[in-house]
Amino acid sequence: MRRLAVDTLDANWEHDHTVPSRTLYPHQWSWDSAFIAIGLAQVRPERAWRELVSLFRAQWADGRVPHIVFNPALRVGAYFPGPEMWRSADVPGAPTADTSGLVQPPVHALAALLAYRRAPDSTGLAALRRLYPALVAQQRYLADRRDVAGDGLVCIVHPWESGLDNSPAWDEPMAAVPAEAAVMSAYRRHDTTHADAAHRPTDLDYARYLAIVAAYRDRCYSDRDLAAGHPFLVECPLFNAAFGAAEHALAEIAVLVGDDPGPHRARAARITEALLRRLYDPDTGTFQPRDLRTDRLVSARTVLGLTPLILPDLPTRQADALVVEAGSARFGVARRMDRPLPTYDRTAPDFEPLRYWRGPSWLNTGWLIRRGLLTHGHPELAAGLRRSMIGLVAGAGCHEYFHPDTGAGLGSPAFSWTAALLLDLLAA
Ligand code: 2M8
């Protein structure tokens, strides 16, 4: 299995980064690179650092780390929507490379810390020193520009920023975005030529994705006055859990590079407190996204709600409630799991076992929750989840996602973060 994972990562390596998939996602993606670096650190530590450093080379002057960095060597149409839709070159403060203008969950500081712990040598320390100011600027962008509600949490401005693009968590806020599926006849979707359309977001989803991109691009990706009219404004539990975990990781990196960890610890505590105040729902015992356009928590129970478990300072009461939710029939985490962890409540009437983030099992969300279970003292549950995830790859290979009942492989068959996180799980 280790060999399969290394071969997958080697085949997807592209001069200074790893593509998530040669067919579906042939450019560099932000949070993919973080997960990939965690796995590369096990087998090719030097590449782990190049992966992160190349991503941060595309950081914007305002500190945002773009969710896609386009490879200029690829033909027009290699991915949709490509650089012609984003037009980053027109925006002051954007890098020389073409990029998107969105961000993704900031799991990079954690990735850098884990990569260093795996190979704590002088190369790693030099890379940490180089990355530290960029990681701090990434957090500062999110804290200063994206705290739309002024409550200490980051607001995402597009479902793509969550990384769980078509999660049922976004159905309520997306329903308010005006768009017609018919506009897609003017475009050529690239994803559905490489994956079954029934396993991907719908045309109506894509029409809305494009409408939100256009709205953000037409304001030159400025975050000023977003509350006044941007069509999608949501506080996501996973994004904010990653935002808090990043401050915990930065506190440890600060010690290694000779900076003061105190401000990072203070910020981490404030983020956990804001998550508890704004996104924890005591009635359901889980975290729910908040739609800032209605100021209401969305009701769908998705795997996003479990991810604040990665925060070491989550109080016992809420951590215990999340463990109960994880172990419920909705998610089925157990010492011996009979089925893989889904991305959505498997008892919900609109659970879709084949469609992308609306049910299938993914290794990155499982990896985060396993980490959270270990952090909060549940090694047997963490071991059960680990075995289940390794079993998925043993049965189907390094697929992008897996059928949450049968474990059949779905999406891209040679997907980088599956390979990378498998390497980390095998080493754990
Ligand atoms: C998926 O998202 C992209 C858009 O960013 C797409 O569907 O084309 C998501 O799974 C996202 O989390 C991931 O980072 C990206 C590349 O693997 O693909």
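Residues numbered from 1 in each chain as written. Predicted model: local features only at pLDDT ≥ 70, side-chain atom pairs only at ≥ 80, totals over all residues. Heavy atoms only, no water.

In UniProt, the chain has this text filed under Sequence similarities (unreviewed entry): "Belongs to the glycosyl hydrolase 63 family." (UniProt positions renumbered as here; feature names shortened; annotations may be inferred.)

Caption draft 1: The packing of aromatic side chains, seen in detail. Here the structure, examined in full by the defined rule, presents 25 aromatic pairs. Taking 6.2 Å as the distance between ring centres and 45° as the angle between the ring planes, the aromatic pair formed by Trp-86 and Trp-160 counts as tilted. One end of the pair, Trp-86, is in helix α4 (residues 83-86); the other, Trp-160, is in the loop between α6 (122-145) and α7 (171-175), and 74 residues separate them in sequence. With respect to burial, Trp-86 and Trp-160 carry one shared label: buried. In this structure, Arg-200 packs its charged tip against the face of Tyr-356, placed 4.3 Å from the ring centre. (Phe/Tyr/Trp six-rings, centres within 6.5 Å; stacked < 30°, edge-to-face > 60°. Helix = DSSP H or I, 4+ residues; strand = E, 2+ residues; numbered from the N terminus. Buried < 20%, exposed > 50% of the residue type's maximum accessible area, 1.4 Å probe, protein only. Lys NZ or Arg CZ within 6 Å of the ring centre and 35° of its normal.)

Caption draft 2: Examining the pattern of salt bridges more closely. This structure, assessed with the given rule, holds 29 salt bridges. A salt bridge links Glu-247 to Arg-267, with the shortest nitrogen-to-oxygen separation between them at 3.4 Å. Placement of Glu-247 in helix α10 (residues 237-257) and of Arg-267 in helix α11 (residues 262-279) is noted, with a sequence separation of 20 residues between them. Among the ionic pairs, Arg-355 bridges to Glu-352, the shortest N-O distance being 3.0 Å. According to the relative accessible area criterion, Glu-352 is partly exposed, its value standing at 26%. (Salt bridge = Lys/Arg side-chain N within 4 Å of Asp/Glu carboxyl O.)

Caption draft 3: Region of the structure containing the nonpolar core. In terms of nonpolar packing, the biggest core is built from 142 residues, with Trp-49, Trp-170, Ile-253, Trp-367, Leu-373 and Trp-417 touching the most fellow members. Top contributing element to this core by residue count: α10, with 12 residues. Ignoring sequence-local partners within four residues, the contact set of Ile-253 consists of Ala-109, Ala-112, Leu-113, Leu-128, Tyr-132 and Leu-135. (Core = buried A, V, L, I, M, F, W, Y, C linked by side-chain atoms within 4.5 Å. Contact = heavy atoms within 4.5 Å.)

Caption draft 4: Spatial organisation of the site of the ligand. With respect to spatial proximity, 17 residues lie near the ligand, and among them Asp-32, Tyr-79, Gly-163, Asp-165 and Tyr-356 are the closest. A distance of 3.0 Å separates an oxygen atom of the ligand from a polar atom in the side chain of Gln-104. Between the ligand and the protein, one listed contact pairs an oxygen atom with a side-chain N or O atom of Arg-200 at 3.0 Å. In isolation the ligand offers 420 Å² of accessible surface; the protein chains occlude 99% of this area. Because more than half of its atoms lie within 2 Å of the grid, the ligand is assigned to the largest cavity. (Near = heavy atom within 4 Å. Polar contact = N/O pair within 3.5 Å; in protein donor to acceptor, adjacent residues only side chain to side chain. Areas by Shrake-Rupley, 256 points an atom, 1.4 Å probe, with all protein chains shown as cover. 1 Å grid on protein atoms, 1.4 Å probe; cavity = no way out; pocket = protein on both sides within 12 Å on 5 of 7 lines; lining within 4 Å. Sits in = over half its atoms within 2 Å of the grid points.)

Caption draft 5: Expanded view of empty space enclosed by the protein. Using the criterion set out here, one finds 2 cavities of 30 Å³ or more in the structure. Looking at the largest cavity, its volume works out to about 210 Å³. Its boundaries defined by the atoms lining it, the second largest cavity holds a volume of some 40 Å³. Arg-64, Val-65, Val-103, Gln-104, Gln-138, Tyr-141, Leu-142 and Phe-239 together form the lining of the second largest cavity. (Points joined across faces, edges and corners; volume = space filled by probe spheres on them.)

Caption draft 6: Summary view of the side chain of His-230. Relative to the helices and strands, His-230 resides in the loop between α9 (203-218) and β5 (234-235). The contact partners of His-230, leaving out residues within four places of it in the chain, are Val-157, Ile-212, Ala-215, Tyr-216 and Arg-293.

Caption draft 7: Main features of the environment of Pro-261. Tracing the chain through its elements places Pro-261 in the loop between α10 and α11. Residue classification places Pro-261 among the buried residues on the basis of a relative accessible area of 15%. Separated by 20 residues in sequence, Pro-261 and Asp-281 have C-alpha atoms that sit 31 Å apart. Non-local contacts of Pro-261, meaning those with residues more than four positions away in its chain, are made with Ala-251, Ala-254 and Val-255.

Caption draft 8: Summary view of the sheet that holds strand β8 (residues 290-291). Taken in spatial order, the 3 strands make up an open sheet running β5-β8-β9, and their pairing is antiparallel. On the outer flanks of this sheet lie β5 and β9 (296-297), each paired with one strand and no other. (Pairing = 2+ DSSP bridges.)

Caption draft 9: Examining α10 more closely. Taking 1.5 Å of rise per residue, the 21 residues of α10 would be expected to cover 30 Å, and the 30 Å separating its terminal C-alpha atoms lies within 8% of that figure. Summarising burial for α10: 17 of the 21 residues are buried, a large majority. Immediately beyond the C-terminal end of α10, within one or two residues, lies Gly-258, with a positive phi of roughly 85°. (Expected span 1.5 Å × (residues − 1).)

Caption draft 10: Geometry of the packing of helix α3 (residues 45-56) against α6. At a closest axis distance of 10 Å, the pairing of α3 and α6 adopts a crossing angle of 35°. For the pair α3 and α6, the sense of crossing is left-handed. Only Gly-124, Ala-127, Leu-128, Arg-130, Leu-131, Ala-134, Leu-135 and Gln-138 of α6 make contact with α3, whose side of the interface consists of Trp-49, Leu-52, Val-53 and Phe-56. Classifying every residue of the contact of α3 with α6 by side-chain character gives 9 nonpolar, 2 polar and 1 charged. (Axes fitted to C-alpha atoms, helices over the stretch in contact; angles between N-to-C directions. Left-handed = near helix turned anticlockwise from the far one by under 90°. Nonpolar A, V, L, I, M, F, W, Y, C, P; charged D, E, K, R; others polar.)

Caption draft 11: Seen up close, helix α14 (residues 379-396). Given a rise of 1.5 Å per residue, 18 residues ought to cover 26 Å, and the 26 Å separating the end C-alpha atoms of α14 matches this to within 8%. Taken residue by residue, α14 has Leu-381, Ala-382, Gly-384, Leu-385, Ser-388, Met-389, Ile-390, Leu-392 and Val-393 as its buried positions.

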